[in-house]
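# Residue-level structure breakdown
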Amino acid sequence: MLKILILKRQLDAKRSELKALEEKDAEFQTREADLETAIGEVEPGNAEQEAAVTAEVDAFEADKTAHETAKQTLSADIEHLETELADLERQAPAAKTPEKREKVRGDVHMETQINIRSLPMGRRAFDALPMEQRQAIVAQPEVQEFLSKMRGMKGQNRAVTGAELTIPVVFLDLISENMYRYSKLLNRVRVRNVRGEARQTIAGIVPEAVWTEMCGAINELTFVFGQVTLDGYKVAGFIPVCNSMLEDSDIELASSIVEMLSESVGLAEDKAILYGKGAASKMPLGIVTRLAQTSQPSDYPANAPAWVDLHTTNILKIGGSGVTGAEFWAQLMAATGATHTKYSRGNLFWAMNSKTYTTLKSKVITFTATGDIASNIFGVLPIITGDVDILEFMPDGDIVGGYGDLYLWSQRSGMTIEQSREVQFIQDNTVFKGKQRADGQPIIPGAFVAININNVEVTTTMTFAADIANDAALTDLAISGVTLNPGTFDPDTFSYTGTSSTASAKIEATSAQAGAKVAVAFNGENVRNGGTVKLTNGAGNVVTVTVTQGNAVRVYTVTITATIGG
């Protein structure tokens, strides 16, 4: 208990120091702006002015580097102290309420005396809070306003987009904690709560210290830091709430909101952490997706750690028919060794589906001295170590894992919900839609591995739910009498050329979604989809098809060269 108090005092001191440093960021921005002005005012060829400005720039760069280094050092110290404090609080006797955390929201003082993440799935997180605390939460003005507006949505005949509400911060705290129960992998990865686009600084290779004489000069060590940029892609889902519940107590309604939104968003995140397709698909970059890359992406950040090809070293297949016992486990141990890294300070995890887990258990079946059958896998891989997480969407035989703290997951504040009663009108439900922005990627991808234990290729791509609301693709574009180049229409190819020997052509564009808006133009003039246009000799025949669905727009262009009567 005394050690906990000491750590808390140290944390408070470090946080105060960091806050003071962060308050100086504005000063550096002002200095930088002044220097930019000074540089622009230097007369060409004036060596004296150039020397003076150069000296000021050098001094600024040195001061800023020292400032950023000090912030990074304090951030690392704080993270280390927080980890040590959390470990001590978990080990402390229950009577000392090690999980007590104090939060202040407005004028309401709350003491959280439960560990939400450890609650059984059958119990709602809000219900687990003491009644006094639940009453204090719903009594807050912003919560009362939110619940009142939410009830007011019932029976209103308007579209989902016309009823947006911002969830109170106190709910976001609960939802964020509760998502750890529904998302197994959020418990494994490094989570940061940020605003806007986030540039996270990460340490590179740790240099080796130098041995020297006791009184010798100390050698300088060069620490290299990289940066990864994380955006904020939207993960969303909807929840149906019985209309009768909207008429019940505030506490019952609040409890349902917290639980349903947590489940809706939390379950979607595990799949993205493992198989997310990255920025091109407006989602996080998954572990397996990164390991499967065979070349450096064109948009790879310049300041990120050097890109490494891992598709042969960290995607492996082992085992197969007849391989069991010591031979199998030796192969698995060698394969998991590909996660060796100098960077991690965390623990291993291994994700797989229940069938794969059962297969692993079958490979360690033994008979006890009394003749009983035993299989010594109880949520942790034997010999290799590391907790097992069961995720049923994973393919049979695939195991993905490594050091989860080297996957960075960023969550944005500002979760919102919207409503519609038309979606489930017959069920007498009002449907509420929850949205949150998040992004993530492996910051040290070599700390992860994907293995198939059936000696077949690892599945490296995963199908996600189609984003129908923003699907502005065409499935076909046919222009009669015109031969397209490339020869086959591809929804992801937007520019074509074509040739024709006819004087007219019928244009037919078929959208992937029936509700999409399709606008066809010929040489800048709007024409009917399915209509016929007159071609002229030469290349001056341009067909443009613009498809709009939701917030997405795609434009397809075909430039036709006609040789009429030739």
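Attention here is on the structure that accompanies the text. Quick caveat: nothing in here was measured; it's all calculated off a predicted structure. (Residues numbered from 1 in each chain as written. Predicted model: local features only at pLDDT ≥ 70, side-chain atom pairs only at ≥ 80, totals over all residues. Heavy atoms only, no water.)

### Thoughts on the overall build of the chain
Regarding its fold elements, the chain presents 11 helices and 26 strands. Buried positions account for 40% of the 566 residues belonging to the chain. Sequence-distant contacts in the chain: of pairs separated by 6 or more residues, those separated by 24 or more amount to 72%. Summed over all atoms, the accessible surface of the chain reaches about 30,300 Å², with 53% contributed by carbon and sulfur. (Helix = DSSP H or I, 4+ residues; strand = E, 2+ residues; numbered from the N terminus. Buried < 20%, exposed > 50% of the residue type's maximum accessible area, 1.4 Å probe, protein only. Contact = heavy atoms within 4.5 Å. Areas by Shrake-Rupley, 256 points an atom, 1.4 Å probe, with all protein chains shown as cover.)

### Quick notes on the nonpolar core
In this structure, Ile-273, Leu-274, Tyr-275, Ile-287, Val-400, Trp-409 and Phe-448 are the most contacted members of the largest nonpolar core, which totals 31 residues. Contributing elements (two or more residues each) for this core: helix 8 (250-275), helix 9 (287-291), strand 9 (348-352), strand 14 (407-412) and strand 17 (448-452). Trp-409 has contacts with Leu-186, Val-189, Arg-190, Val-191, Arg-192, Glu-269, Ile-273, Pro-284, Ala-438, Asp-439 and Gly-440, leaving out every residue within four places of it along the chain. (Core = buried A, V, L, I, M, F, W, Y, C linked by side-chain atoms within 4.5 Å.)

### Brief notes about helix 5 (residues 131-139)
For helix 5, the complete set of buried residues consists of Gln-133, Arg-134, Ile-137 and Val-138. Buried residues of helix 5, viewed axially, fall in a sector of 130 degrees; they line one side. Turned more than 90 degrees away from the buried face of helix 5, the exposed residues are Glu-132 and Ala-139. (Arc of directions from axis to C-beta.)

### A short note on the pattern of salt bridges
On inspection of all chains with the given rule, the structure shows 11 salt bridges. Residue Lys-71 is joined to Asp-25 by a salt bridge in which the shortest nitrogen-to-oxygen separation is 3.1 Å. On the criterion of sequence distance, the pair formed by Lys-71 in helix 3 (residues 47-91) and Asp-25 in helix 2 (residues 25-41) is long-range, its members being 46 residues apart. By relative accessible area, which is 22% here, Asp-25 ends up partly exposed. Between Asp-63 and Arg-31 there is a salt bridge, and its shortest N-O distance comes to 3.2 Å. Of this pair, Asp-63 sits in helix 3 while Arg-31 sits in helix 2; the two residues are 32 residues apart in sequence, bridging distant segments of the chain. (Salt bridge = Lys/Arg side-chain N within 4 Å of Asp/Glu carboxyl O.)

### Focus: the pairing of strand 25 (residues 538-549)
Across six bridges, strand 22 (residues 517-522) lies against strand 25 in antiparallel orientation. Considered in strand 25, the bridge of Ala-519 is made with Thr-546. Pairing of strand 25 with strand 26 (residues 552-562) involves 10 bridges; the strand directions are antiparallel. Paired with Gly-538 across the strands is Ala-562, a residue of strand 26. The antiparallel hairpin formed by strand 25 and strand 26 contains two residues in its connecting segment, where Gly-550 sits at a positive phi of about 60 degrees. (Pairing = 2+ DSSP bridges.)

### Things to note about unusual backbone geometry
Cis geometry is adopted by the peptide bond preceding Pro-486, which originates at Asn-485 and carries an omega value of 0 degrees. The phi dihedral of Asn-455 falls on the positive side, at around 60 degrees, and the residue is not glycine. With respect to the helices and strands, Asn-455 occurs in the loop between strand 17 and strand 18 (474-479). Classification of Asn-455 by relative accessible area gives partly exposed; the value is 39%.

### Some thoughts on the pairing of strand 13 (residues 398-403)
In terms of burial, strand 13 is a largely internal element, five of the six residues being buried. In this sheet, strand 13 lies alongside strand 9 in antiparallel orientation, the contact comprising four bridges. In the strand pairing of strand 13, Leu-348 is matched with Tyr-403.

### Comments concerning the sheet that holds strand 8 (residues 315-317)
Spatially, five strands are ordered 8-17-13-9-12 in an open sheet, and the strand pairing comes out mixed. Every interior strand has two partners, whereas the edge strands, strand 8 and strand 12 (387-390), have only one. Adjacent strand axes in the sheet meet at a mean angle of 25 degrees when their direction is disregarded. By the bridge criterion, five bridges tie strand 13 to strand 17 in an arrangement that is antiparallel. Across the sheet, Ile-399 pairs through a bridge with Ile-451, a residue of strand 17. Across the sheet, helix 10 (residues 325-336) is in contact with strand 8, strand 9 and strand 17; its angle to strand 17 comes to roughly 150 degrees. Most of the contacts of helix 11 (residues 354-362) go to strand 9, to which it runs at about 115 degrees, and overall it touches strand 9, strand 12 and strand 13. (Axes fitted to C-alpha atoms, helices over the stretch in contact; angles between N-to-C directions.)

### Digging into the sheet that holds strand 21 (residues 504-511)
Pairing is antiparallel across the open sheet formed by three strands, whose spatial order is 18-21-24. Across the chains shown, the open sheet's two edge strands, defined by having one partner strand only, are strand 18 and strand 24 (532-534). Averaged over all adjacent pairs, the angle separating strand axes in this sheet is 25 degrees, with direction ignored. Note that strand 21 and strand 24 share three bridges and pair antiparallel. Across the sheet, residue Ala-505 finds its bridge partner in strand 24, namely Val-533.

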